[in-house]
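# Inside the fold
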Amino acid sequence: MIWSKEETLSRAEMEKLQLSRLQETVARVYEKVPYYRAKMDEMGVKPQDIQSLADLQKLPFTTKQDMRDTYPFGLFAVPQDELVRIHASSGTTGKPTVVGYTRGDLETWTDCVARIACMGGATEKDVAQICFGYGMFTGALGLHYGLEKIGAAIVPSSTGNSEKQLMYMKDFHTSLLVATPSYALRLAEVARELGIEPQRDLGVKIALVGSELLTDAMREEMHLAWGRDVKITSNYGMSELMGPGVSGECLEHCGMHINEDYFIPEIIDSNTGEVLPIGEKGELVITCIKKEGLPLIRYRTKDVTRLFYEPCACGRTTCRMENLSGRSDDMLKIRGVNVFPGQIEEVVLSVPELGPHYEIVVEREGYTDKLTVRVELNKETDSFAELQRIEATTRNKLKVVLGLDAKIRLESPNTLQRFEGKAKRIKDLRNVK
């Protein structure tokens, strides 16, 4: 089902709508947000200079640091009394980034999430269990209201207590699961420990996963855990832009459709800031063209992807972004080689004897970086020769993919930490004393 007619606009119609909304947004932030006005004046650009979508490149980038520098409300285009909701990041690496919504913003957000839920197969007949944490994190409430808009029954179970989550799933006949990919796999793992077979004893038919990278290998692991018939789609967003609902996969699995009437995407070279040609991979930059409270201009997401503009077999004509390769700030530089966690995950999940739980450890010995991948076995084995074979297979595959050697540490099942929210895969100890 296609939720909104805007998802099927022609390219000419979409670009006309985008330009109109971009011009209005730029004029508003220039008038209402002193921080943007100062940056635009410094670059010598005025709202009237935006006469085409190509002129977007004349505007300044916005970064997470800009949001921290103006904490809490310095980038807002409305007074605080017009906000009806405020969210914020955890602030674990500095000042939290604060985002706020007017009533109109909440309506926009709900519509965007309804679209991506429909892309993934959700209907009014679903019972949707939301295993994201409710609170300042935007994920849970975003999916909650979008699915509710469609007419689905919501089970706001939040995170934690996996045994109770499974009880709800069984007793409430949950048909749609909202979770991170890693927590969806953890739920299946706990279910089997309790003697529950997810494919036989639970009725999950749809999984809307987000907040983590979903590789093809991880999708395959989810199908093995939950069943081949389960519709598994990834969706994308971040609190600075709105929350979930910026883009989402349809059932064709050929990229995530961007809600272009609300967000204009660009791909840039992270080092130079240069806009790259269509189809090239780089850092995703998003401009919000319909938000009232916090309309960010050219926000640097740090996420690495590419864009496709061909119409999709699902009937939607909106631009698609390839499932993420990783984040430019998650990229590890090891002995001169760029390494993304997703590359390591693909290799780990290609080895049948290994499970989906892993940890990447980077250390420095003398002047040399050392890469270690800790990964769990699917089952225990007492055969030293078998362990050597698995280790060598994994190490050789990683060397082919990464172009460098890594140490493999095979761990017993259920050894590594499990995560109810976004999984933390990297432990970089190079600057730890």
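As the structure is a prediction and not an experimental result, all values here were calculated from the model.

## Brief notes about helix 1 (residues 11-32)
Relative to the 32 Å expected for 22 residues at 1.5 Å per residue, helix 1 spans 31 Å between its end C-alpha atoms, a close match to the ideal helical length. Three or more residues of helix 1 are buried, namely Met14, Gln18, Leu19, Arg21, Leu22, Thr25, Val26, Arg28, Val29 and Tyr30. Packing partners of the buried residues in helix 1 comprise helix 2 (34-43), strand 10 (263-268) and strand 11 (282-288).

## Side note on helix 4 (residues 103-119)
For helix 4, with 17 residues, the first-to-last C-alpha span of 25 Å sits near the 24 Å given by 1.5 Å per residue. With respect to burial, helix 4 is a largely interior element, 14 of its 17 residues being buried. Phi for Gly121, located one or two positions after helix 4, is positive at around 100°.

## As for the sheet that holds strand 14 (residues 320-321)
Spatially, the nine strands line up as an open sheet ordered 4-3-5-6-7-8-9-14-13, and their pairing is mixed. Strands with a single pairing partner mark the edges of an open sheet, and in this sheet they are strand 4 (153-155) and strand 13 (307-308). Where strand 6 (residues 206-209) lies against strand 7 (residues 231-238), four bridges are found, and the strand directions are parallel. Across the sheet, residue Leu208 finds its bridge partner in strand 7, namely Thr233. Each of strand 3 (127-130), strand 4, strand 5 (176-179), strand 6 and strand 8 (243-249) is contacted by helix 5 (residues 138-150), which is oriented at about 65° to strand 8, the strand it contacts most. Packing of helix 6 (residues 162-172) onto the sheet brings it into contact with strand 3, strand 4 and strand 5, and relative to strand 3 it is tilted by some 175°.

## Looking at the packing of aromatic side chains
For the structure shown, the criterion picks out four aromatic pairs. On the numbers, 5.3 Å between centres and 90° between planes, the contact of Phe73 with Phe76 is edge-to-face. Judged by its relative accessible area of 6%, Phe76 is buried. Consider the rings of Phe132 and Phe137, whose centres lie 5.7 Å apart with planes at 90°: the pair is edge-to-face. Sitting over the face of the ring of Phe61, Arg300 holds its NZ or CZ atom 5.5 Å from the ring centroid.

## Details of the side chain of Glu283
If you trace the backbone, Glu283 turns up in strand 11. Residue class for Glu283 comes out buried when judged on its relative accessible area of 1%. There is a polar contact of 2.7 Å between the side chain of Glu283 and the side chain of Arg300. Here Lys302 takes part through its backbone nitrogen, which lies 3.3 Å from a polar atom of the side chain of Glu283.

## Some details on the pairing of strand 2 (residues 98-101)
Side-chain alternation along strand 2 places Val98 and Gly100 on one buried face and Val99 and Tyr101 on a second face that is also buried. Here strand 1 (residues 85-88) pairs with strand 2 via four bridges, running antiparallel. Each bridged residue has a counterpart across the sheet, and for Arg85 the counterpart in strand 2 is Tyr101.

## Digging into the sheet that holds strand 21 (residues 426-428)
Spatial strand order, 20-19-18-21: four strands in an open sheet with mixed pairing. At either margin of the open sheet sits one strand with a lone partner, and together these are strand 20 (407-411) and strand 21. Across this sheet, the average inter-strand angle for adjacent strands is 20°, counted without regard to direction. Note that strand 18 (residues 354-365) and strand 21 share three bridges and pair parallel.

## Considerations on the side chain of Arg374
Of note, Arg374 is situated in strand 19 (residues 368-377). With relative accessibility at 17%, the residue Arg374 sits in the buried group. Not counting residues within four places of it along the chain, the set of residues in contact with Arg374 comprises His357, Tyr358, Glu359, Val361, Arg409, Glu411, Thr415 and Leu416.

## Concerning the nonpolar core
Core analysis: the largest hydrophobic core is formed by 70 residues, its most contacted members being Leu143, Leu147 and Phe263. Of all the elements, helix 4 adds the most residues to this core, at nine residues. Sequence-distant contacts of Leu143, defined by excluding residues within four places in its chain, comprise Val113, Ile116, Ile130, Phe132, Val178, Leu208 and Pro244. Counting 26 residues, the second-largest nonpolar core is a separate cluster that includes Met169, Ala184, Val209 and Ala225.

What counts, and where the lines are drawn
Residues numbered from 1 in each chain as written. Predicted model: local features only at pLDDT ≥ 70, side-chain atom pairs only at ≥ 80, totals over all residues. Heavy atoms only, no water. Helix = DSSP H or I, 4+ residues; strand = E, 2+ residues; numbered from the N terminus. Expected span 1.5 Å × (residues − 1). Buried < 20%, exposed > 50% of the residue type's maximum accessible area, 1.4 Å probe, protein only. Contact = heavy atoms within 4.5 Å. Pairing = 2+ DSSP bridges. Axes fitted to C-alpha atoms, helices over the stretch in contact; angles between N-to-C directions. Phe/Tyr/Trp six-rings, centres within 6.5 Å; stacked < 30°, edge-to-face > 60°. Lys NZ or Arg CZ within 6 Å of the ring centre and 35° of its normal. Polar contact = N/O pair within 3.5 Å; in protein donor to acceptor, adjacent residues only side chain to side chain. Core = buried A, V, L, I, M, F, W, Y, C linked by side-chain atoms within 4.5 Å.

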